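Examining the three-dimensional arrangement
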Amino acid sequence: MNYDATVRQRIKAEQKAIVLANFKKILGMKVLFLLPFILLGILDVLNSWQQLAPLLSGDFSGGAPAGGNWTTLLQLVIGAPLTLGMMHFYITLMRGEQASISLLFHPFTSLRIFWRSLRMMLTLWLRTFLWMLIPYVLMILFLVSFFVHNPVLLSDATSAWTANLIGQFLLILVVSIVIYMLLSVRVAYYDAGYVRLHDNEFIGCWDAQLEAAQAFRGHYADLLLFFLSFAPWYLAEIAVGGLLLSPCLLVGINPSAASLMVILPCLIAFGIAIIFFWVFLDSYVTMSFLRLFEHLAPAPEQPVDAVPFERPNSFEQKPYWRTSDEPTSTTEEPVSPEEPATPPSPDEPMDDSKSDPE
């Protein structure tokens, strides 16, 4: 399938119009999507504080605090079905159809779909881990080597950080971030597998991701430019956020009532703006990416002897018991009214009642 800047602009314009037309519905879906994770985060913080409180007070009789790994398990159990439902919601909207917020919770209505969402999330995590493993190991090795050759940097003396060392440290971080971004584009191939899951209830999660990756094969540079084309929107988000926070920086942080009258409205406006930007950009990028996949993905293969199902729409259709050798017409040839259907036998006496009187 051909792809160029014109196709990219057309896809983005189409999906942006859909997002703007359904923004209230998308915002409500996102709020419901994030609500369980916010509650889990609050519970995790309260649980951690309850376990750390005795240690902070000097009571070490209880031993080390237990880990909150149960929240990670809950995030998987809740997040995987919600992610599948969110992707179904986006796919329906992306195709110009009416999407209900109830699609977000549809995976919870079936044990089979629920298990499918877990397998999809776990396989995506596995692929991401395999692609990111080598870059993470290299970044850690570079950082360890950097501090081993400069052990004085581990001390509390800030004067040990010279301009040359700061430049080397920042270079390692920048290179690591760039490599991570480049690999993120490659890992994004598999996210389009949700489209295959949406269209085919019998396909496996691993196969759906493989088909999605095959559709983007040879289009890595196109996909990279596709994601980079959204950079102005992210820069606009940063600019708006910095503009809303600038009064807080000018006033400064102090407990006076005058400063609080300025800081609180700025923080509220900043939070609202960031939420609206995030909801818009996340939906805009995701739906455009899924639409791009549909543009690049090949048509599903059909069997050679596939016959489309046709429902009978009239009584004149050929009955199922007729064979190909029989005539298809269901009506007999009309008989002329002047001639009898069967001529009388010569030996049969004539009816005198029909003869003329003498």
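Residues numbered from 1 in each chain as written. Predicted model: local features only at pLDDT ≥ 70, side-chain atom pairs only at ≥ 80, totals over all residues. Heavy atoms only, no water.

Overall, the coordinates contain 14 aromatic pairs when judged by the stated rule. Aromatic pair Trp233 and Tyr284: ring centres 6.1 Å apart, planes at 85°, arrangement edge-to-face. One end of the pair, Trp233, is in helix H9 (residues 231-251); the other, Tyr284, is in helix H10 (residues 257-296), with 51 residues separating them in the sequence. Overall, the relative accessible area of 3% leaves Tyr284 in the buried class. Site record: aromatic cluster; members linked through ring pairs are Tyr189, Phe216, Phe226, Phe227, Phe230, Trp233, Phe280, Tyr284, Phe289 and Phe293. (Phe/Tyr/Trp six-rings, centres within 6.5 Å; stacked < 30°, edge-to-face > 60°. Helix = DSSP H or I, 4+ residues; strand = E, 2+ residues; numbered from the N terminus. Buried < 20%, exposed > 50% of the residue type's maximum accessible area, 1.4 Å probe, protein only.)

What follows covers the nonpolar core. Nonpolar side chains in soluble globular proteins tend to end up buried together. The biggest cluster of nonpolar side chains holds 60 residues, and the ones touching the most others in it are Tyr90 and Phe216. Of all the elements in the fold, those that place two or more residues in this core are helix H1 (5-21), helix H2 (23-56), helix H3 (69-94), helix H4 (111-149), helix H6 (193-199), helix H7 (205-215), helix H8 (220-228) and H10. Looking at this core, the element that brings in the most residues is H10, giving 12 residues. Beyond its immediate stretch of four places on either side in the chain, Phe216 contacts Tyr189, Ala192, Leu223, Phe289, Leu292, Phe293 and Leu296. (Core = buried A, V, L, I, M, F, W, Y, C linked by side-chain atoms within 4.5 Å. Contact = heavy atoms within 4.5 Å.)

Overall, the predicted model of the protein reaches an average pLDDT of 79, with 72% of residues at or above 70. When pLDDT is averaged over each element of the protein, H1 comes out on top at 94 and H2 at the bottom at 82. When the criterion is pLDDT under 50, residues 63-67 qualifies, and its contacts beyond four places in sequence or with other chains add up to 5 contacts. For the stretch residues 302-332, pLDDT sits under 50, and the model shows 6 contacts to residues farther than four places along the chain or on other chains. (pLDDT = per-residue confidence, 0-100.)

Take the pattern of salt bridges next. A side chain with one charge can pair with a side chain of the opposite charge if their charged atoms come near. For the structure shown, the criterion picks out 6 salt bridges. Two residues, Arg95 and Glu294, come together in a salt bridge whose shortest N-O distance is 2.5 Å. Taken together, the residues span a long stretch of sequence, with Arg95 in the loop between H3 and H4 and Glu294 in helix H10 at a distance of 199 residues. Here Arg95 falls in the partly exposed class, since its relative accessible area comes to 29%. Classification of Glu294 by relative accessible area gives partly exposed; the value is 25%. The salt bridge partner of Arg112 is Glu201, with a shortest N-O separation of 3.5 Å. Taken together, the residues Arg112 in helix H4 and Glu201 in the loop between H6 and H7 connect sequence positions 89 residues apart. The exposure class assigned to Arg112 is partly exposed, which follows from its relative accessible area of 45%. Overlapping salt bridges bring together Arg95, Asp199 and Glu294 as one network. (Salt bridge = Lys/Arg side-chain N within 4 Å of Asp/Glu carboxyl O.)

On to the packing of H4 against H7. In contact at an axis separation of 9 Å, H4 and H7 are set at 50° when each is read in the N-to-C sense. Classified by the angle their axes make, H4 and H7 are oblique. Between H4 and H7 lies a crossing whose hand is right-handed. In this structure, H4 uses Arg116, Arg119, Met120, Thr123, Leu124, Leu126 and Arg127 to contact H7, whose residues at the interface are Cys205, Trp206, Gln209 and Leu210. (Axes fitted to C-alpha atoms, helices over the stretch in contact; angles between N-to-C directions. Parallel < 35°, antiparallel > 145°, perpendicular 65-115°, else oblique. Left-handed = near helix turned anticlockwise from the far one by under 90°.)

Turning our eyes to something else, we now look at a nonpolar patch on the surface. A grouping of Leu126, Phe129, Leu130, Leu133, Ile134, Val137, Leu138, Leu141, Phe142, Trp206 and Leu210 is seen on the molecular surface, where their side chains present a nonpolar patch of about 1000 Å² in accessible area. Ranked by the residues each element gives to the nonpolar patch, the list is headed by H4, at 9 residues. Here Phe142 shows up in helix H4. (Patch = residues over 30% accessible without salt bridge, like charges linked within 9 Å, V, L, I, M, F, W, Y side chains within 5 Å. Areas by Shrake-Rupley, 256 points an atom, 1.4 Å probe, with all protein chains shown as cover.)

This next bit is on the environment of Thr92. The residue Thr92 is located in helix H3 in this model. Classification of Thr92 as buried rests on a relative accessible area of 8%. When the C-alpha atoms of Thr92 and Val195 are compared, they prove to be 9.9 Å apart, with 103 residues separating the residues in sequence. In this view, Thr92 contacts Glu97, Gln98, Ala99, Leu103 and His198; residues no more than four positions away in its chain are not counted.

Bringing the side chain of Thr83 into the picture now. Along the polypeptide, Thr83 turns up in helix H3. In terms of polar contacts, Thr83 uses its side chain to reach the backbone carbonyl oxygen of Gly79, at 2.7 Å. Excluding residues within four positions of it along the chain, Thr83 makes contact with Phe33, Met121 and Tyr194. (Polar contact = N/O pair within 3.5 Å; in protein donor to acceptor, adjacent residues only side chain to side chain.)

What follows concerns the environment of Thr72. Checked against the element boundaries, Thr72 lands in helix H3. Look at Thr72 and you get partly exposed, because its relative accessible area is 46%. Taking the C-alpha atoms as reference points, Thr72 and Leu40, 32 residues apart in sequence, are found 9.3 Å from one another.

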